[in-house]
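One letter stands for each residue in the lines below.
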Amino acid sequence: MIQPQLPMNWYLWIKLSEFSSTAVPKGLKKTFKKEQQAIQQSAKSGRRSSGYFVVCGLCFLIFLLLAELPVAARDWHERDYRDPFETEFDEPSEQPEPISDPLERLNRLTFAFNDRFYLYLLDPAVSGYEKITPHPVRRSIGNFFSNLIEPVNFVNALFQLEGSAAHNAFGRFLINTTFGLGGLFDVAGEHLEQKPHDFNQTMACWGVGDGFYIVWPFLGPSSLRGTGGMVADGFLDPMNYQEIEVATGGRTLNLLNSSGPYLREYKQLEQFALDPYIAVKDFYESMQPCH
Amino acid sequence: MVSKRLISLLFVAFLLLFTVEPGFTMAPEDYLQEKIDEVLSILEDTDLMSSLKSDTVREQLVDLAREDFDFEEMTFRALGPYARQATDEQIDQLVDLFSKLLTDVYVNRLTGDLAEEAGGDYQIVDITLGDTQVTRDGRYARVHTRAEMVLEGDRQVVRLMFSLIAADPGWKIYDFEVEGIGLVQNYRRQFSNILARNSIDYLIDLLKQRVEDDDPTAAPDELVPLDKVE
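Residues numbered from 1 in each chain as written. Chains lettered and ligands numbered in written order. Predicted model: local features only at pLDDT ≥ 70, side-chain atom pairs only at ≥ 80, totals over all residues. Heavy atoms only, no water.

### Points about the overall build of chain B
So, point 1. A count of helices and strands for chain B gives 9 helices and 5 strands.
So, point 2. Secondary structure elements in chain B, listed N-terminal to C-terminal, are α-α-α-α-α-α-α-β-β-β-β-β-α-α.
So, point 3. Relative to its 230 residues, chain B shows a buried fraction of 52%.
So, point 4. Accessible area for chain B stands at about 10700 Å²; split by element, carbon and sulfur atoms hold 51% of it. (Helix = DSSP H or I, 4+ residues; strand = E, 2+ residues; numbered from the N terminus. Buried < 20%, exposed > 50% of the residue type's maximum accessible area, 1.4 Å probe, protein only. Areas by Shrake-Rupley, 256 points an atom, 1.4 Å probe, with all protein chains shown as cover.)

### Some words on the packing of helix 11 (residues 244-272) of chain A against helix 12 (residues 276-286) of chain A
Residues and elements named next belong to chain A.
So, point 1. Two elements in contact, helix 11 and helix 12, have axes whose closest approach is 9 Å; the angle formed by their N-to-C orientations is 130°. As far as their axial angle goes, helix 12 and helix 11 are oblique. The two elements helix 11 and helix 12 cross, and the hand of that crossing is right-handed. The segment helix 11 lies against helix 12, with Y266, L269 and E270 engaging P276, A279, V280 and F283. (Axes fitted to C-alpha atoms, helices over the stretch in contact; angles between N-to-C directions. Parallel < 35°, antiparallel > 145°, perpendicular 65-115°, else oblique. Left-handed = near helix turned anticlockwise from the far one by under 90°. Contact = heavy atoms within 4.5 Å.)

### Things to note about the packing of helix 6 (residues 135-148) of chain A against helix 11 of chain A
Residue and element names in this part refer to chain A.
So, point 1. Packing of helix 6 against helix 11 leaves a shortest axis separation of 10 Å and a crossing angle of 125°. One finds that helix 6 runs oblique with respect to helix 11. For the pair helix 6 and helix 11, the crossing hand works out as left-handed. Within the contact between the two elements, helix 6 uses R138, I141, G142 and F145 and helix 11 uses G250, L253, N254 and N257.

### Digging into the confidence of the model for chain A
Detail in the predicted coordinates should be disregarded across regions flagged by low pLDDT.
Residues and elements named next belong to chain A.
So, point 1. In this model, chain A carries an average pLDDT of 78, and 70% of its residues clear a pLDDT of 70 or more.
So, point 2. Taken element by element, chain A is modelled with least confidence in helix 1 (residues 8-22), mean pLDDT 38, and with most confidence in strand 1 (residues 213-216), mean pLDDT 96.
So, point 3. This model gives residues 64-72 a pLDDT under 50, and the stretch forms 14 contacts once residues within four places in sequence are excluded. (pLDDT = per-residue confidence, 0-100.)

### Thoughts on the environment of B:I200
All names here are of chain B.
So, point 1. Position of I200 relative to the elements: it lies in helix 9 (residues 200-212).
So, point 2. Taking the C-alpha atoms as reference, I200 lies 9.4 Å from T87; in sequence the two are 113 residues apart.
So, point 3. Contact partners of I200, with chain neighbours within four places excluded, come to Y82, Q85, A86, Q90, L94 and L195.

Here's what the structure looks like:
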């Protein structure tokens with residue numbers, strides 16, 4: 001329903017007039033009319049009756065009060081669209097700045113390619129894998145690959161001078177590799193929570209900018225800094241030191257095992273986004289690493 | 001001289017205005033926990049897998065969404081600076097379509113029908129809010145909290161932020177963030193990108209298309225204005 005766009009005191013005045021013409025007893029209605037006439041006469045003669053000032057004063061008071069109350073009338077053309085917690089307290093915005101995207105045209109093409117790869121190849125493969133692999137097995141495989149990246153977490157936590165996180169990563173790797181049968185069981189998880197740290201995060205924490213946005217084939221969204229971080233972390237990834245067959249097999253298994261939740265999120269996003277490319281970019285920016 | 005009657009009339013009007021003041025009776029964090037419990041009780045009623053298919057459950061959730069979210073405020077904030085360019089008729093259409101889209105997002109997230117499709121053992125046992133911090137500013141409130149839940153058999157702790165606006169009675173949600181990813185902000189960036197190159201009517205058409213299209217496997221470039229990219 002379209003609401004009137006009137007100054008609040010006018011709106012109130014009209015409402016009062018309507019009120020006086022419908023619901024007010026005759027005596028009051030007469031008095032109200034008399035006051036209006038007196039105001040009009042005094043306006044003509046250039047004088048103001050005391051009633052005029054009282055009515056104006058009350059209207060002004062009500063106007064001030066209304067300004068603090070939710071109003072039914074739409075005020076989209078005047079209102080500040082920014083969140084009150086960002087504007088009124090002068091706090092820096094919690095929202096991340098968009099990463100520049102000079103390669104947007106190329107990135108969109110890669111995004112469209114990845115989209116088909118995810119939906120028509122990866123998704124059926126992951127669904128099939130999840131159907132034949134019981135959840136406890138998937139969880140153990142996930143634990144195994146998650147344990148392999150603890151050295152990356154450890155080194156980057158040190159680079160970021162986060163002693164507690166480094167201690168966590170070291171402890172988790174030691175306990176899970178031994179008592180957790182090579183990382184298949186997350187026995188350390190109850191006391192030591194995994195805290196992901198990577199070189200992208202390290203660079204961000206040391207003030208390195210994003211560079212620009214890149215969508216890589218198969219890998220998805222990244223940035224110049226993110227790509228550098230990925231390469232650097234690769235030196236600590238044990239998969240990179242295996243025979244090519246073992247490395248490929250391991251990576252494929254990890255991809256099938258870990259992609260399910262992300263694909264489900266992705267499909268939901270595709271269903272509701274008007275521009276999935278921008279929606280995914282915003283997700284990437286929101287997950288920017290240095291807290 | 002002003003008659004006593006006129007003063008009484010204005011005084012009554014003044015008092016009536018106070019009755020429309022939003023109900024600040026409930027703390028925003030309590031309101032949120034109450035609403036979460038309400039949603040969980042709907043999902044708990046029957047086995048989740050069968051309830052996913054139940055129209056009654058979906059309808060109940062749609063009603064809750066309408067009750068709990070301020071869709072007009074969400075649309076306004078998602079449009080950002082472009083809100084000022086919209087005519088009243090366009091505003092009506094935008095609010096209506098965006099409400100439908102967001103209600104679908106909300107219901108689908110809760111029922112997790114895609115999780116069912118994948119055959120995962122999706123379940124939510126409980127969601128409890130903890131480490132809650134509330135900031136208030138007049139009729140607005142922002143709640144930072146952590147929700148503990150069980151998803152697909154794993155215990156997860158998720159960082160949440162809710163933005164609320166006082167309503168009569170209680171509160172309404174006009175934005176939320178999950179792990180730093182904000183709903184309204186995400187749509188605002190999409191809208192801005194579309195509106196930088198197209199008209200508001202084009203955005204309305206896109207929203208219509210999205211709301212009417214129930215096929216989640218539709219390729220994105222059939223719906224996204226890729227050809228509009230410079």
